[in-house]
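One-letter residues, chain by chain:
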Amino acid sequence: MRKRNPWKLIFIILFAAAVLVGIYMYQQQYEPGSLLEKAGEKLFENAPEIFSGEPKEVRELRKQKIAGTDEQSGRQEYYFGLLTEEEQRGYREMLTGIQNREKEFYLTVYEDDTVNRVYHAVLMDHPELFWVHNRKSVYKTTFSDGNYCTFSPGYSYTEEEIEEIQKAAENACQEVSALLPEGADDYEKAKTVYTYLINTAEYQESEDDQSMAGIFWKKQAVCAGYAGAAQYLLEYLGVPCIYVEGSTAGSTEGHAWNIILLDEDYYYFDATNGDQPEFLEGDAVQLAEHKTILYDYLCPFPKEYEMTYTPSSEFTLPECTATAKNFYVLNQGCFDTYDYQEILAYCQMRLNNGAAVVRFKFSTQEAFDAAKAEWINGDSIQETARYYMTLYGMNQVEYHYGILENMKTIYYMF
């Protein structure tokens, strides 16, 4: 942290006074009146900086009106709306500096907690700022005689790489748009983005895994990359989407996911967990034809999801309570109680519709345990397998199963 030298300020004041005296003496002999008047005006103009210690740039920043969220940009800036007026001013200053890729710029906020809070808000609202590194320390310098600081965020890519990644992101927007049926509602848009991300990328640690650059450019990322890419695509399609950071129960690792708004209700959206083929038993995970998308994390039951994931307490988030858009609820695959004939009929219906994957979930632990006892530990699946062979004129069939205990879901793949 740098501190201003008080002797430097005193020297400036004395020097300015000496200049004025010299000018005055000169004017008395040669140019009375006009030169002294001009010098006085110049000194008056710079007086705020001389006496307050604030640079002209900082004073100009304080005069600027705080811009609201630009709806034309497609970014809802959820976290911006949670900030105080002072923090919002710092947010706009920081956003402008990062957008212009300035190496160092002034902020009218300076306390560590405030700067960090504003920085987190900017990054979580703007996934398109992928060139800011978020795994390394940022640098700021505060001044003991002023309520401002200089901020140096640090950047990860060259101009050429930034241009290449932006083009890849734009291509992704066009590809997702092409997948949507005409008149698609927000749920269909969310499901399409969820599917696209899982089909496009794989969960893999890399140098680019913390932002949407990993998904669109390298096709590899971790949760932060999935969540940032989801936010970028959904907001492009006009679906309100919030980036969320938090913790995982029983783990020291953090996690990132999204909250989306559908028909005035908020839902969790976690594409990272939808991309986990290893949940299958045995060697099925090695079979390419058995790679499937887990829609359990597309609008999951809130209470089930919250048993594993807890958001950071830094910002307040909208409460998720609805279940109407849950994948299984929408597809009549969620059951409140267990009945063998009801599940068998559901499996046959799915096979009749050409599905190679049969999945169903239960809303209660009791019903799930009863189903698991007969369909996983017992041999109830045999009747469905025989039905599959009859349907396709086969003498034998191989199938695999998967269980998501935390979501009370059973999968069969033929």
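Quick caveat: nothing in here was measured; it's all calculated off a predicted structure.

**Focus on the overall build of the protein**
Reasoning step 1: Per the secondary structure count, the protein includes 15 helices and 13 strands.
Reasoning step 2: Across the 414 residues in the protein, those meeting the buried criterion constitute 47%.
Reasoning step 3: A separation threshold of at least 6 residues defines the contact pool for the protein, and within that pool the share at least 24 residues apart is 64%.
Reasoning step 4: Taken as a whole, the protein presents about 21,600 Å² of accessible surface, with 49% of it coming from carbon and sulfur.

**Describing helix α9 (residues 223-236)**
Reasoning step 1: Here α9 spans 20 Å end to end across 14 residues, near enough to the 20 Å set by a 1.5 Å rise per residue.
Reasoning step 2: Within α9, 13 of the 14 residues are buried, which leaves the element mostly enclosed by the surrounding structure.
Reasoning step 3: Positive phi appears at G238, one or two residues downstream of α9, with a value of about 85°.

**A look at the environment of T337**
Reasoning step 1: Within the secondary structure layout, T337 lies in the loop between β10 (334-335) and α13 (340-352).
Reasoning step 2: Distance from T337 to A370, taken between C-alpha atoms, is 9.0 Å for residues 33 residues apart in sequence.
Reasoning step 3: Apart from residues no more than four positions distant in its own chain, T337 is found in contact with E342, F362 and A367.

**Describing the sheet that holds strand β8 (residues 265-269)**
Backbone hydrogen bonds hold the strands of a sheet together, and the pairing may be parallel or antiparallel.
Reasoning step 1: Spatial ordering of the open sheet is given by β8-β7-β6-β9, a layout of four strands whose pairing is antiparallel. One side of each edge strand has no neighbouring strand; the edge strands of this open sheet are β8 and β9 (309-311). Strand after strand, the sheet turns through a mean of 45° between neighbouring axes, direction not considered.
Reasoning step 2: Here three bridges tie strand β6 (residues 241-248) to β9, and the two strands are oriented antiparallel to one another. Within the sheet, the bridge partner assigned to T248 lies in β9 and is Y309.
Reasoning step 3: Packed onto the sheet, α9 meets β6, β7 (254-262) and β8 and runs at close to 20° relative to β7.

**Thoughts on the nonpolar core**
Within soluble globular proteins, side chains that are nonpolar generally end up buried alongside one another.
Reasoning step 1: In this structure, M94, F216, L233 and F269 are the most contacted members of the largest nonpolar core, which totals 89 residues.
Reasoning step 2: Sort the elements by how many residues they give to this core and α9 lands first, with nine residues.
Reasoning step 3: Ranked by size, the runner-up nonpolar core spans 20 residues in total, among them L351, A371, A385 and Y388.

**Notes on the pairing of strand β11 (residues 357-362)**
Reasoning step 1: Of all six residues that make up β11, six are buried, and the element is covered over most of its length.
Reasoning step 2: Side chains of β11 alternate between two faces, with V357, R359 and K361 and V358, F360 and F362 buried alike.
Reasoning step 3: Inspection of the sheet shows β10 paired to β11 by two bridges, in the parallel sense. If you follow C334 over to β11, its bridge partner there is K361.
Reasoning step 4: Assessed by its sense of winding, the connection that carries the chain from β10 through α13 to β11 is right-handed.

**Description of the pattern of salt bridges**
Reasoning step 1: In the structure shown here, the tally under the stated rule is 15 salt bridges.
Reasoning step 2: Between E405 and K372 there is a salt bridge, with the nearest N and O atoms lying 2.9 Å from each other. Taken together, the residues span a long stretch of sequence, with E405 in the loop between β12 (400-404) and β13 (409-413) and K372 in helix α14 (residues 365-375) at a distance of 33 residues.
Reasoning step 3: The exposure class assigned to K372 is buried, which follows from its relative accessible area of 17%.
Reasoning step 4: Members of the salt-bridge network, linked through shared partners, are R75, E128 and E235.

**Details of the side chain of K325**
Reasoning step 1: In this structure, K325 sits in the loop between β9 and α12 (327-330).
Reasoning step 2: A distance of 3.0 Å separates the side chain of K325 from the side chain of D263, its partner in a polar contact.
Reasoning step 3: Once residues within four sequence positions are removed from consideration, K325 is found in contact with Y187, L262, D263, Y267, L298, C299 and L330.

**Things to note about the packing of aromatic side chains**
Note on aromatic pairs: each is described by the distance of the centres and the angle between the planes.
Reasoning step 1: On inspection of all chains with the given rule, the structure shows 32 aromatic pairs.
Reasoning step 2: An angle of 85° between the planes, with centres 5.7 Å apart, marks the rings of Y157 and W217 as edge-to-face. On the criterion of sequence distance, the pair formed by Y157 in the loop between β3 (149-152) and α6 (159-179) and W217 in helix α8 (residues 212-218) is long-range, its members being 60 residues apart.
Reasoning step 3: The interplanar angle of 80° and the centroid separation of 5.6 Å between the aromatic rings of F335 and Y346 together place this pair among those described as edge-to-face.

About the cut-offs
- Residues numbered from 1 in each chain as written.
- Predicted model: local features only at pLDDT ≥ 70, side-chain atom pairs only at ≥ 80, totals over all residues.
- Heavy atoms only, no water.
- Helix = DSSP H or I, 4+ residues; strand = E, 2+ residues; numbered from the N terminus.
- Buried < 20%, exposed > 50% of the residue type's maximum accessible area, 1.4 Å probe, protein only.
- Contact = heavy atoms within 4.5 Å.
- Areas by Shrake-Rupley, 256 points an atom, 1.4 Å probe, with all protein chains shown as cover.
- Expected span 1.5 Å × (residues − 1).
- Pairing = 2+ DSSP bridges.
- Axes fitted to C-alpha atoms, helices over the stretch in contact; angles between N-to-C directions.
- Core = buried A, V, L, I, M, F, W, Y, C linked by side-chain atoms within 4.5 Å.
- Right-handed = clockwise from strand over helix to strand, strands pointing away.
- Salt bridge = Lys/Arg side-chain N within 4 Å of Asp/Glu carboxyl O.
- Polar contact = N/O pair within 3.5 Å; in protein donor to acceptor, adjacent residues only side chain to side chain.
- Phe/Tyr/Trp six-rings, centres within 6.5 Å; stacked < 30°, edge-to-face > 60°.

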